[in-house]
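# Descriptive structure summary
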Amino acid sequence: MHNGTSMKTKVRVVFAVAVCKLLRGFLHFLGRGGTNLPGKFALKICPEILSVAATGVRTIVVSGTNGKTTTCRLIEQGLNSAGVPCFANRSGANLLPGIVAEFIANANRNGMPSKAVSVIECDEATLKAVLSFITPEIVVLTNIFRDQLDRYGEVTHTLEKLSSAIEKTPNTLLCLNADDSLVASIAQALPNPCVFYGINAATESAPSDTHSDALYCICCKQRYAYTHRTYGHLGSFRCPNCGYKRSEPQISVDRIIETNRSKSIVDLNIRGQHTLQTIPLPALYNIYNYLAAISALDAFGVPEKDLKCVGAFGRMEHFSIGKGIALILVKNPAGFTQVIEYLSDIKEEYDLMCCLNDQEVDGTDISWIWDVPFEKLSQENDLKTVFVAGTRKEEMYLRLKHAGLDESKLQLVANTAQFIRETTKHPRPLFIVPTYTAMMQIRKQLAGMDSKKAFWE
Amino acid sequence: MELKICHLYPDVLNLYGDTGNVICMKNRLQWRGIDVSVANAPIGETPSFSEFDVFFLGGGQDFEQEVLLDDLHMGKDKNLISAIEDGKTFLAICGGYQMLGNYYQNAAGHRCEFLGAIDFYTRSAEKRMIGNYLFRCVPSCGGSEVVGFENHSGKTYLSSGVQPLGEVLCGFGNNAEDRTEGVHYKNVFGTYSHGPVLPKNPELCDFILQTALERKYGKCELPPLDDRAEQAAHTVAIGITTKGKIKRHNARSCQKP
């Protein structure tokens, strides 16, 4: 490189870092979290800033439709308990500007990284841009479900995006969900080394075909046969025509011994070594998140004895307010279906609050709520009242009416903020199930009310 | 009275919440004390077409379309066409709607032969047409205003003499050019509208159900239902559709209803 240009680049890097850090500090000071704005400015000033700020950082990237945030938190905790300091884009800012801002926040003023390890959550459509600047050591793919069709398009488009992104980093180790025929197909298409994780057991409520996002072979379009299924299109698939089939996972849960409101106890199998593990998160989908995290930690070199994740957090969060509040983010039918499964296991009286917003990041197309089996809730005697809020509450109300819920149980909430303020006096445990923008609002308010929580933790 | 609904290809045409239309038709009949049954006809199963009064075809992924066409061309296509000619009621959404036409032509000029039950065709557009939209049904379909969500990359052109389901008030509709939306032929209702379209547009739902009841039982009146929840969802959706539509989606001009 010509000396003058190199000097110019250096100046741009320093300037971009300074602007980003200042702006981020200022926004935090104003009480606004790690938004995209500082990263956007940095990218304007120096488009290649990410490759500078990520130089030499061992990075684990997590992408896929559902479970990104929880998987990242689990990996981060695992690294921490193994004594490996790391940084992560914790606030869920998983587009390029948010990721850039996180790297800059952990770099010195010349843009050189100050920490050696990072755990990065990355939006599926953003992965390509991110991988053109950094070469992660590990990429973890959770699953591919239909999600915000107005934004991502159909599942095969998402698969193509992920695959064409990873093409740029052929040496990166991939941790793939063996049970997801879409995700697992990447191992066939790309030369990368791969580790598979999966669940070697059927679940109690086997899914039906109408809830599958991938019934037909991704290679030859014949219908898959399954020896067992867990949920959605996940399970032990095999194509009777072309022979494409599930790879035997190196890291698996062989038996789900117990699962309840707050945890699951499982038989974890790491390359033939069985241990009894308590996963401190409820619900089947979190077993997958746990397995994804364990395979990433294992691949990263965390010793087997330290392979554990502790503490409850993430996308199912508890607040000590009133009789107890749980906040569960939903984005798509697969996620909401799992939440309903979880609710139907509750053995005490409870209330539910559904908050449906239709901003760009929630998805302006809300039709997906009609693919969620709310009919199951109409059988739940322990469910006393369903509060319905958000910019599309009327549609959600109508969905619940059609699902057979007695209208005397349904209550429209006109003012969400006021409702949340009054939850201190709520007579029953309350489960709040919001879409993304609703969650950001509600979470902030709840965190302010629960002295034990800080928002930008 | 009783109506039998056949849900065609629920295993493949199951995207975008369109199944909500089946739930809605079933409920609005049951709420009025009319018996109703729903049977699924997935790929590989041939229902006895003469048995059913209403057929539903939803939208699906492009990926599975080939699988579906193979299945259709194994004889189901003829059954479907004769059911249509016989005056049976059909509701077809988006991909299911396109499939009733003559063909789909992709950007490279390659044609994919469809059912040819109704004289129209679809060709791929450069830009996907996505967003909330609003149309008014033609008078012969009840004339009600219908609000929904469209998400398609195909532009559909009706041949002359083929009647649309409605006129676009706000959004793209069939092709973003001639302001037509959907198709109405005999008792076939085709539309691009997801949403799903029927729950928050109860007038259209009742109009469609009535065609099936009248074919079977002669002239009949559907007693009114408590539609306050339906109307609330309808009104809010129209508000969102007409607000900011022009700016966001670069659609054609938007007439306030």
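Residues numbered from 1 in each chain as written. Chains lettered and ligands numbered in written order. Predicted model: local features only at pLDDT ≥ 70, side-chain atom pairs only at ≥ 80, totals over all residues.

The next point concerns the packing of helix α2 (residues 37–45) of chain A against helix α5 (residues 96–105) of chain A. Residue and element names in this part refer to chain A. Here α2 crosses α5 at 85 degrees, and the two axes come no closer than 7 Å. In terms of their interaxial angle, α2 and α5 are classed as roughly perpendicular. From α2, P38, G39, K40, A42 and L43 reach across to α5, where they touch L96, P97, G98, V100, A101 and I104. Per-class residue counts for the contact of α2 with α5 are 8 nonpolar, 2 polar and 1 charged. (Axes fitted to C-alpha atoms, helices over the stretch in contact; angles between N-to-C directions. Helix = DSSP H or I, 4+ residues; strand = E, 2+ residues; numbered from the N terminus. Parallel < 35°, antiparallel > 145°, perpendicular 65-115°, else oblique. Contact = placed C-beta atoms within 7 Å. Nonpolar A, V, L, I, M, F, W, Y, C, P; charged D, E, K, R; others polar.)

In this section: the domain arrangement of chain A. Residue and element names in this part refer to chain A. Partitioning chain A into domains gives domain 1 (3–306) and domain 2 (316–449). Summarising the inter-unit geometry, the C-alpha centres of domain 1 and domain 2 are found 27 Å apart. Listed by partner, the interface residues are 20 residues for domain 1 and 15 residues for domain 2. Examining the composition of the side of domain 1 that touches domain 2, we find that 4 residues originate from one element, helix α7 (residues 148–152), more than from any other. Classifying every residue of the side of domain 1 that touches domain 2 by side-chain character gives 8 nonpolar, 7 polar and 5 charged. (Domains from an automatic or database assignment.)

This brings us to the environment of D226 of chain B. Structurally, D226 of chain B is set in the loop between α4 (202–217) and α5 (228–242). Considered as a pair, D226 of chain B and W31 of chain B are 195 residues apart in the sequence and their alpha carbons are 9.8 Å apart.

This part covers the environment of T278 of chain A. Examined against the element boundaries, T278 of chain A turns out to sit in strand β11 (residues 273–279). Not counting the four nearest positions on each side in its chain, T278 of chain A is found in contact with K263 and I265 of chain A.

Let's shift gears to the pairing of strand β3 (residues 54–57) of chain B. Residues and elements named next belong to chain B. What you see with β3 is no split at all: V54 and F56 on one side and F55 and L57 on the other are buried throughout. Two elements, β3 and strand β4 (residues 89–93), share 4 bridges in a ladder whose sense is parallel. Directly across from F55, in β4, lies its bridge partner F90. Regarding the hand of the β-α-β motif, the stretch spanning β3, helix α2 (residues 65–85) and β4 is right-handed. (Buried ≥ 20, exposed ≤ 12 C-beta atoms within 10 Å, placed from the backbone. Pairing = 2+ DSSP bridges. Right-handed = clockwise from strand over helix to strand, strands pointing away.)

Time to look at the nonpolar core. Residues and elements named next belong to chain A. Membership of the largest hydrophobic core comes to 204 residues, with the highest contact counts inside it found for A42, I49, V100, I104, C175 and A296. It is helix α11 (residues 284–300) that provides the largest number of residues to this core, a total of 13 residues. When residues are assigned to domains, this core turns out to be shared by domain 1 (3–306) and domain 2 (316–449), each giving three or more. Those residues in contact with C175 that lie beyond four places of it in its chain are I138, V140, V195, Y197, A292, S295, A296 and A299. (Core = buried A, V, L, I, M, F, W, Y, C linked by C-beta atoms within 7 Å.)

Our next topic: the sheet that holds strand β10 (residues 264–270) of chain A. Residue and element names in this part refer to chain A. Pairing is mixed across the open sheet formed by 9 strands, whose spatial order is β2-β3-β1-β4-β5-β6-β9-β10-β11. Only two strands of the sheet have a single partner each, and these edge strands are β2 (87–88) and β11. Strand direction decides the pairing type here: strand β5 (residues 173–177) and strand β6 (residues 194–199), joined by 4 bridges, are parallel. When the bridges of β6 are listed, L176 appears paired with F196. The strands touched by helix α4 (residues 68–81) are β1 (58–63), β2, β3 (117–121) and β4 (138–141); relative to β3, the strand with the most contacts, the crossing angle is about 165 degrees.

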